[in-house]
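Report on the structure
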Amino acid sequence: MRPIQAANGFSFRVGISGHSGHLRVEPLYTEERDNPIKSLPDFVLPPAFPRETPESIKEHIKEKYLLPRLDEDAFSPEKAGRQWDFDWFERVKIPLEPTLPRTVMVPVWELPFRRCKEGSVEEKWEPNSMQVDVSELIVGGEVSGSFPRTTGGDAKDVVRGSISNRPFRPGGLENQSSGRMLPEGASNGEWVREALNGGPAQTIPPGFKQGLDLGDLKAHPCSWNVYKDQVALNNTSVEKSSELSVQFDDLFKKAWEEDIAELEIEKDGHSTESDSVKSEAEANQGDVLNSTDTGSSALDDILSVETERLDEKSGEGGQQQKEAWAVSSEGIADHFYELVPDMAIEYPFELDTFQKEAIYYLEKGESVFVAAHTSAGKTVVAEYAFALASKHCTRAVYTAPIKTISNQKYRDFCGKFDVGLLTGDVTLRPEASCLIMTTEILRSMLYRGADIIRDIEWVIFDEVHYVNDVERGVVWEEVIIMLPRHINVILLSATVPNTIEFADWIGRTKQKKIRVTGTTKRPVPLEHCLFYSGELYKICESETFIPEGLKAAKDAYKKKNSKAVSGGTGSYTGSSAVQDARGQKHEVSSRGKQNKHSGPQNFGNYSGTGWGNQRNGGGQNSWGSRRSTWLMLIDKLSKKSLLPVIIFGFSKNQCDKSADSISGTDFTSSSEKSEIRVFCNKAFSRLKGSDRNLPQVVRVQSLLCRGIGVHHAGLLPIVKEVVEMLFCRGVIKVLFSTETFAMGVNAPARTVVFGTLRKFDGKEFRQVLPGEYTQMAGRAGRRGLDKIGTVIVMCRDEIPEERDLKRVITGTPTKLESQFRLTYIMILHLLRVEELKVEDMLKRSFAEFHSQKKLPEQQQLLMRKLAQPKKTIECIKGEPAIEEYYEMHAEAEKHNEQISKAVMQFLDVQKFLTPGRVVVVKSQSAQDHLLGVLVKSPSATANNKQYIVLVLKHDVPSMTQTPSGSSKLQDKSTDFQVLLPKSKRGLEEDYRAAGSRRGPAIIKITLPYQGAAAGVSFEVRETDNTEFLCICNSKIKVDQVRLLEYGSNTAFSDTVQQLLKLKSNGNKYPPALDPVKDLKLKDMDLVETYYKWTRLLQKMSENKCHECVKLEEHMKLAREIKKHKEEVTTLEFQLSNEALQQMPEFEGRIDVLKEIGCIDEDLVVQIKGRVACEMNSGEELICTECLFENQLDDLEPEEAVALMSAFVFQQKNASEPSLTPKLFQAKKRLYDTAIRLGKLQADFKLSITPEEYAQENLKFGLVEVVYEWAKGTPFADICELTDVPEGLIVRTIVRLDETCREFKTAAAIMGNSSLYKKMESASNAIKRDIVFAASLYITGV
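Residues numbered from 1 in each chain as written. Predicted model: local features only at pLDDT ≥ 70, side-chain atom pairs only at ≥ 80, totals over all residues. Heavy atoms only, no water.

1. A word on helix H26 (residues 670–684)
- Between its first and last C-alpha, H26 extends 21 Å over 15 residues, near the 21 Å set by a 1.5 Å rise per residue.
- Those residues of H26 that fall on the buried side of the exposure criterion are Glu 672, Lys 673, Ile 676, Phe 679, Cys 680, Ala 683 and Phe 684. The buried residues of H26 occupy one face: seen down the axis, they fall within an arc of 135°. Summarising the geometry of H26, the exposed residues directed more than 90 degrees from the buried face are Ser 670 and Ser 671.
- If you follow the buried residues of H26, they end up packed against helix H27 (689–692), helix H28 (695–705), helix H29 (717–729) and helix H54 (1336–1339). (Helix = DSSP H or I, 4+ residues; strand = E, 2+ residues; numbered from the N terminus. Expected span 1.5 Å × (residues − 1). Buried < 20%, exposed > 50% of the residue type's maximum accessible area, 1.4 Å probe, protein only. Arc of directions from axis to C-beta. Contact = heavy atoms within 4.5 Å.)

As structure tokens, then:
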């Protein structure tokens, strides 16, 4: 028991005793009381540490925080070359500064006459408050910085970014925030002026209910001198910014002008010129723009107040002064070394003109577009950008469309610069100043707001013409649009016809000039030849076609086939096409759907263009013929010293068969064989024993030793790299390759051969495009080694036509066209940030470039139309009803047009359109329709289906009117001696030839024929049946001969009088034929429309405006008013977001995202949407639904990763896998999910077929293969399970590892720890052996 000290000093203790737990209090005796002296220990130890002094504390802080040292174990010399991940943020002990709030409350100022005082205290105006982003209050923060974002986080996010980060503001995006640092009333001085005049002061801070009580403020005596300084309009931006540093009163003198002008506009209805005082941020921003652009953008000119008030003449002058965004200049190369005396990197050779121009603009810090042929030296520009980044201590990013290019460029630049590599599966030295990555990686970094973006000065886009790719072209547009303002772009492209147009789009999008340079000259000129029957025939040289060579080849063809079986080339072409189709069936299913398109029907309709693709027989006979052809060609090239050669084919299977057909030939010397063998042994030594003996490795190695190579997507990555490196060394003499070699590898040859000029593009067989031909032919000719490059087109069974060869060889390359399309992941990324809108992305796409380019003119036109004075109609009969009359008239016209188009198509109607039938014809003046009679019908065999009708006109005839065309009639009808009418009416003598004949008349009067009879003007005209508004039930007698041949006035008078009798009963028109009884119309909708039209005509006749003398004038005025409203509405629509081409699809996709729960009704991204943002490998909706439906929970890691292979596998046709029951059930469940999502999208009007959607995004061909691989089966064994080439298997598994990482990140977002561990196990299960062998370009050999 513990002693307790009582209040009076008496000590006692409390305890519990006995089994029953009685409480007991016992007093303490003196000897038991506490004695402080006794509590001291017998020996006191000295202090463990010396006493702290201010000096020792400073020394400790300096040692621990100011002099950090690396961990000796982690950073020892033995581990210097090893990758390490050091989290600096975790080691920092100093607490970080608190994060700035994302938003703050600021007051909102309103004009005095717009203030609402209701409900306020003492009827005083109380300013409202609004939430404003912090970035809007930071000077210049919105220009190149990112949107407000949180600090800290994982160090890895610096490079890759994070879904929690906000992206950087894209360059060229209009500043959507208020352009002022302070509220409007405070920045322009209006609040101060109001307070000095005795007005209410702001006493309540934003967000507070009460404030200071300043009492009644009295006006301060002051005077305001407002004046207009015209000189300020012409001042430069520097002078304008200097004007801001003036006295307070002087500042107000200029500040009031903008607001006073607004008041005058509200009061007087017209605007006057005024100056506006900008904030310091605006002035600085203007300086930057004016220093680079002498004129602002067209859209800014239109929206500015000054341009709105320019007269037409000055407006045209201003239009001429606007500068184009794509600019090209000359004369730089002559003074290059004076302009650039100190180059960032020296070259051992003389630079070409376009290279000097590009380097000069890079030194000036401008963006460049370089268009030049393959091997022209565009890489020099990229190298110089790297050198500038190293010199400026910034970063440069090199992006390429193909991973092979990235790896190769990493090897090329590694010895020159500080280079890092970022691809889907490899991350090397991300801290380097020069980064090489795929375009998709850069897009992900931009969307995820990677901090490394801040340091980037240059982004180099290689192979920009890849923007035409249907699947991936959209990535280039997204990246260009999303790049921040501070980043300059360098675009490297092959020659395309619309370089200026594409550069202009980039310049307008980024609001900066793009310098365009390049060359159409090839460093090594090309000659193009045909190879036929063992001989070469030159057909083109120096871009000039040589018809003589083609003629010689055709003569040789005719000579060889002179003894052939009769039937000609046409029948032979057909048979060869059938043989070609048979040959296609022998190819493996890796050709995808190509087998379905290779039937004779496709070849039969393609006359004269089967060149290079026919075969002499089917099966082995065909390949036997091909073998002799290849041997003949290669022997010819060897004798002419034209090796090495690249032979392009458009099928992986054809490349393999062609190489195997000549495998018995040896092209290498003993020293070359030794070099090849040593190289292969070193390269394949990193593979384990079983992988070294793979059939593909052994086969390719055997071919390489003979100097023969194969290169296509079906090869293993390490095998492809061995082939590429050996070809660059010059030991491979003959290379059979697909077109990817021309795009992805910089390895020129002496000669290029086209085995065929037809290819399968995934949908159909077609000819090679000029751009594709130019890309592949550009590999011919090695700069510095060959004086000329040779391109050969194989001709086996026929010679192509001259026009086809000209189109392919010298034709215009394919234009750069937009492939922009909306994706769900793009929409979700943009919806994450309120400041970025999907509409802005759509507006800035290349597809909308031309329509957006016209917006300034449309804006100016809209302003002019809105400024026009409004027209009014003054009715003389009281309240105007002309609007109602015009609406009825317009609706009646619409119904009539619908009826006329439908009625005239019925055969039963045609029998009523005979001479004498009374009709109502559409009036051109639209005042009233014209009553007429059908005079002549077109014959059934006549090409001209025009009816001749006589119509009564409404104008009053003149007493001296003479029928038009009469003088011409006298010349044309001299045989009949017609005496024309006199100057007065009624004096007519009609002389005709003896004997009046019957039958159809010959038209001898000149149409249109106008005249007057019975006091009414008439006209004979040709009319189409669509001009008939009504077919009446009346019929009169007409004399065709007297009317059309003689032009008899008596006949015209009789006809007119008969028509007038039909109107004598008070009706304007005779009754129409009944649509059901007479016209036999069966369509109920058409009949209903007909009755609506007749009722409208009846209402129009009862309207008081119908007989008005000013009807025509008022109708014309009403038409102008209506037209003006429609034009304004059309212009407003074109200027709105609704006019965007993909806006309906965007709205449909938004509805889909709402339906599945990725976003809510307010378009706020939910957790499901955040998960979808992580899905870059597969279709984001299917992947997200798969995760949220827990479809992977009941699967083992091996089964889960096998099922996930359906997201990344791309080959359309593959052998059906043999699945376990559990995997089969999971496959069916996932497929049903895709069908459900497809139906949902179709319900929201998206052009998607559920079955096609599921089949395009889910391909289960490698599920069994991946399952066995994850279980540890050797690679050689899994290759036996499918007909998919080994290279595609490796590519799928590598991409699958990236998918596992994405699913792992998604599991962390969802909080699903079991799924996180499962994806980690799955990733480890597939990461082994040959599939993840390191690239030779990265590690070296």
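2. Regarding the side chain of Glu 478
- Positionally, Glu 478 belongs in helix H18 (residues 473–482).
- Those residues in contact with Glu 478 that lie beyond four places of it in its chain are Arg 443, Tyr 447, Phe 820 and Met 826.

3. Points about the pattern of salt bridges
- In the structure shown here, the tally under the stated rule is 51 salt bridges.
- Across the salt bridge formed by Glu 366 and Arg 515, the nearest N and O atoms sit 2.5 Å from each other. Residue Glu 366 is found in the loop between helix H14 (353–363) and strand S7 (367–372), and its partner Arg 515 is found in strand S14 (residues 514–519); the two are separated by 149 residues along the sequence.
- The closest approach of N and O atoms between Lys 865 and Glu 1127, which form a salt bridge, is 2.6 Å. Taken together, the positions of Lys 865 in helix H36 (residues 855–867) and Glu 1127 in helix H43 (residues 1111–1135) put the pair 262 residues apart, joining distant regions of the chain.
- Put simply, Glu 739, Lys 759, Arg 766 and Glu 772 are held in one network by salt bridges that share partners. (Salt bridge = Lys/Arg side-chain N within 4 Å of Asp/Glu carboxyl O.)

4. Things to note about helix H52 (residues 1286–1310)
- When the terminal C-alpha atoms of H52 are compared, their 36 Å separation across 25 residues agrees well with the 36 Å that a helix rising 1.5 Å per residue should span.
- Within two residues after H52, Gly 1311 carries a phi angle of roughly 80°, on the positive side.

5. Concerning the sheet that holds strand S24 (residues 789–794)
- An order of S17-S16-S15-S24-S21-S18-S20-S19 is seen for the eight strands of this open sheet, with the pairing classed as mixed. Lying at the two open borders of the sheet, with one neighbouring strand each, are strand S17 (544–545) and strand S19 (708–711).
- Strands in contact with H29 are strand S18 (645–648), S19 and strand S20 (734–737); relative to S19, the strand with the most contacts, it is inclined by about 130°. (Pairing = 2+ DSSP bridges. Axes fitted to C-alpha atoms, helices over the stretch in contact; angles between N-to-C directions.)

6. A look at the sheet that holds strand S30 (residues 1028–1035)
- The antiparallel open sheet is built from six strands, whose spatial order is S28-S29-S27-S26-S25-S30. Across the chains shown, the open sheet's two edge strands, defined by having one partner strand only, are strand S28 (1009–1013) and S30. Across this sheet, the average inter-strand angle for adjacent strands is 30°, counted without regard to direction.
- In the sheet, strand S25 (residues 917–921) pairs with strand S26 (residues 930–936) via four bridges, with the strands oriented antiparallel. Bridge pairing links Val 918 to Val 933 in S26.

7. Let's talk about the confidence of the model for the protein
- Overall, the prediction assigns the protein a mean pLDDT of 76, with 70% of residues at 70 or greater.
- Confidence scores differ between elements of the protein, with helix H11 (residues 305–308) showing the lowest mean pLDDT of 33 and strand S21 (residues 751–754) the highest of 96.
- Confidence drops under a pLDDT of 50 for residues 176–181, and excluding neighbours within four residues, the segment shows 15 contacts in the predicted structure.
- Confidence drops under a pLDDT of 50 for residues 959–996, and excluding neighbours within four residues, the segment shows 51 contacts in the predicted structure. (pLDDT = per-residue confidence, 0-100.)

8. Concerning the packing of H36 against H43
- Interhelical geometry of H36 versus H43 gives an angle of 145° and a closest axis separation of 10 Å. The two elements H36 and H43 cross, and the hand of that crossing is left-handed. Taking contact as the criterion, the partners of Leu 855, Gln 858, Gln 859, Leu 861, Leu 862, Lys 865 and Leu 866 in H36 are, on H43, His 1124, Glu 1127, Val 1128, Leu 1131, Glu 1132, Gln 1134 and Leu 1135.
- Looking at the contact of H36 with H43 residue by residue, the class counts come to seven nonpolar, four polar and three charged. (Left-handed = near helix turned anticlockwise from the far one by under 90°. Nonpolar A, V, L, I, M, F, W, Y, C, P; charged D, E, K, R; others polar.)

9. Brief notes about the packing of aromatic side chains
- Scanning the model with the defined rule gives 23 aromatic pairs in all.
- Between Phe 502 and Phe 846, the ring centres sit 5.1 Å apart and the planes meet at 85°, which makes this aromatic pair edge-to-face. Here the residue Phe 502 occupies a position in helix H19 (residues 499–510), and Phe 846 occupies one in the loop between helix H34 (838–843) and helix H35 (849–853), the gap between them amounting to 344 residues. Here the two residues Phe 502 and Phe 846 agree in accessibility, since each one is buried.
- On the numbers, 5.2 Å between centres and 55° between planes, the contact of Phe 760 with Phe 765 is tilted.
- Given a relative accessible area of 13%, Phe 760 falls into the buried group.
- By relative accessible area, Phe 765 is classed as buried at 11%.
- Taken together, the ring pairs connect Phe 369, Phe 502, Trp 505, Phe 846 and Phe 849 into an aromatic cluster.
- One cation-aromatic arrangement involves Arg 796 over Trp 630; the distance from NZ or CZ to the ring centre is 5.2 Å. (Phe/Tyr/Trp six-rings, centres within 6.5 Å; stacked < 30°, edge-to-face > 60°. Lys NZ or Arg CZ within 6 Å of the ring centre and 35° of its normal.)

10. A few points about the pairing of S25
- With respect to burial, S25 is a largely interior element, five of its five residues being buried.
- Of the two faces of S25, the one lined by Arg 917, Val 919 and Val 921 and the one lined by Val 918 and Val 920 are each fully buried.
- Alignment of S25 against S30, held across four bridges, turns out to be antiparallel. What sits directly across from Val 920, in S30, is Cys 1030.

11. Structural notes on a negative patch on the surface
- Together, Glu 1138, Glu 1147, Asp 1151, Glu 1155 and Asp 1243 give the surface a local cluster of negative charge.
- Broken down by element, the negative patch gets its largest block of residues, three residues, from helix H44 (residues 1143–1156).
- Inspection of the secondary structure assignment puts Asp 1243 in helix H48 (residues 1221–1243).
- For Asp 1243, a relative accessible area of 58% translates into the label exposed. (Patch = residues over 30% accessible without salt bridge, like charges linked within 9 Å, V, L, I, M, F, W, Y side chains within 5 Å. Areas by Shrake-Rupley, 256 points an atom, 1.4 Å probe, with all protein chains shown as cover. Lys, Arg positive; Asp, Glu negative; His and termini not counted. Charge placed at Lys NZ, Arg CZ, Asp CG, Glu CD.)

12. A look at the packing of H48 against helix H49 (residues 1250–1257)
- Remark: H48 packs on H49, axes separated minimally by 8 Å, with the N-to-C direction vectors making an angle of 130°. Taken together, the axes of H48 and H49 lie oblique to each other. Helix-helix and strand crossings are classified by hand; for H48 and H49 the assignment is right-handed. Across the interface between the two elements, Tyr 1231, Ala 1234, Ile 1235, Leu 1237, Gly 1238, Lys 1239 and Gln 1241 of H48 pack against Pro 1250, Glu 1251, Tyr 1253, Ala 1254 and Gln 1255 of H49.
- Within the contact of H48 with H49, the residues separate by chemical class into seven nonpolar, three polar and two charged. (Parallel < 35°, antiparallel > 145°, perpendicular 65-115°, else oblique.)

13. Quick word on a nonpolar patch on the surface
- Residues Ile 57, Ile 61, Tyr 65, Leu 66 and Leu 67 make up a contiguous nonpolar surface patch of about 450 Å² in total accessible area.
- Mapping Tyr 65 onto the fold places it in helix H1 (residues 54–66).

14. Considering the nonpolar core
- Within the largest apolar cluster, 234 residues are counted, with the highest numbers of intra-cluster contacts made by Phe 461, Phe 502, Tyr 773, Leu 1192 and Phe 1275.
- Residues contacting Phe 461, with those up to four places away along its chain left out, are Thr 399, Trp 476, Val 479, Ile 480, Leu 483, Val 489, Ile 490, Leu 491 and Leu 492.
- Ranked by size, the runner-up nonpolar core spans 57 residues in total, among them Val 933, Cys 1030, Tyr 1090 and Leu 1111. (Core = buried A, V, L, I, M, F, W, Y, C linked by side-chain atoms within 4.5 Å.)

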